[in-house]
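These are the residues of each chain, in order.
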Amino acid sequence: MKNSSYSFKAIGVLRGGGEFPQQAPRQGVYARNEGYIELFPHCNYEQALEDLGGFERIWLLFVFDRNVNWKPKVLPPYGIDRKVGTFASRSPYRPNPVGLSAVELVKIEGLKVFIRNFDLLEGTPILDIKPYIPEVDSFPGSKAGWRDQVPPVPELSVMPEAAIQLAHLRSCGGPDLEDVARIQLTLQSANPERQRITGVPGGKQILAYRTWRIAFVRQENSVKVMGIFSGYTPDELADPADPYLDKAIHRSFLKIR
């Protein structure tokens, strides 16, 4: 059986996730999102979904379809400053790009399985769905190797002015920068190879996310979001060229400041 290969095909795709890897939460338990699995038609999946609605959580087997290679050792995103073996991690860079995630089941409507708090990206291929069974799937007292030494995840808080900015940005179709801040600033270490973070006078730091800037202060056990800024200069916003198709959102955002 050595070097045997197996062929799988997706049963559906994830709808409602982020578009970019930086938007993927580190495990669904830290996520704050909702979406659904869209199962493919004409496969008798309606029958396969029968009796699943009574479960509170489900397991998803999926494909890390954005990855093209694997790494034998990886640097975890949080809590440890050395590389660990890939098989001792949940890294997406695996010999076989298969992911496993426990998510909350909201409801089932036809071929749509609505879920919340997941760590998958938009369009992720789904290979299988299994019910989460607490008495056989949960072992809270088990040793967790290097993760037993990881400090608690810092809490994220948002200043009132920043909360207004974040709400306005979401209302006009912009990115959910609060979720970005939670993922990038509490669940990942400040690693310049992974994040675009710069320091500014007064103890603040700036996280650059695409064309947006998030000002924050990192404290011992928390991260405080102080404000949101556009990454465009006035001259850039005046330029009709719009490669990211988001300058209208930036102009609307700047009117509230």
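Each chain carries its own residue numbering, running from 1 in the direction its sequence is written. Local features in this predicted model are restricted to residues whose pLDDT is 70 or higher, and side-chain atom pairs enter the listing and the counts only when it is 80 or higher, whereas totals over whole chains, interfaces and linings include all residues. Excluding hydrogens and water, the side-chain figures rest on all heavy atoms present in the structure.

Chemist: Explain the pairing of strand E11 (residues 205-209) to me, please; I cannot follow it from the model alone.
Modeler: The side chains of a regular strand alternate, residue by residue, between the two faces of the sheet. Only protein chains enter the area calculation, which uses a 1.4 Å probe; residues under 20% of their type maximum are buried, those over 50% are exposed, and those in between are partly exposed. Under the scheme used here, helices are H or I runs from DSSP no shorter than 4 residues and strands are E runs no shorter than 2 residues, and both carry numbers assigned from the N terminus. Of all 5 residues in E11, 4 are buried, a share of seventy percent or more. With 4 bridges connecting them, strand E10 (residues 196-199) and E11 associate as antiparallel partners. Directly across from Thr198, in E11, lies its bridge partner Ile206. Two strands qualify as a pair provided DSSP detects at least 2 bridges between them. The antiparallel hairpin formed by E10 and E11 contains 5 residues in its connecting segment, where Gly202 sits at a positive phi of about 95°. The sheet contact formed by E11 and strand E12 (residues 212-218) spans 5 bridges and is antiparallel. Across the sheet, the residue bridging to Gln205 is Phe216, located in E12. Where E11 hands over to E12, the hairpin turn is made up of 2 residues, of which Arg210 adopts a positive phi near 50°.

Chemist: What's the story with the pattern of salt bridges in this structure? I'm lost.
Modeler: Close approach of charged atoms allows side chains of opposite charge to pair. Salt bridges are defined by distance alone: a side-chain nitrogen of Lys or Arg within 4 Å of a carboxyl oxygen of Asp or Glu. Under the definition given, this model contains 11 salt bridges. For Lys130, the salt bridge is made with Asp128, and the minimal N-O distance between the two is 2.8 Å. A salt bridge links Arg170 to Asp176, with the shortest nitrogen-to-oxygen separation between them at 3.3 Å. You can call Arg170 partly exposed: its relative accessible area is 37%.

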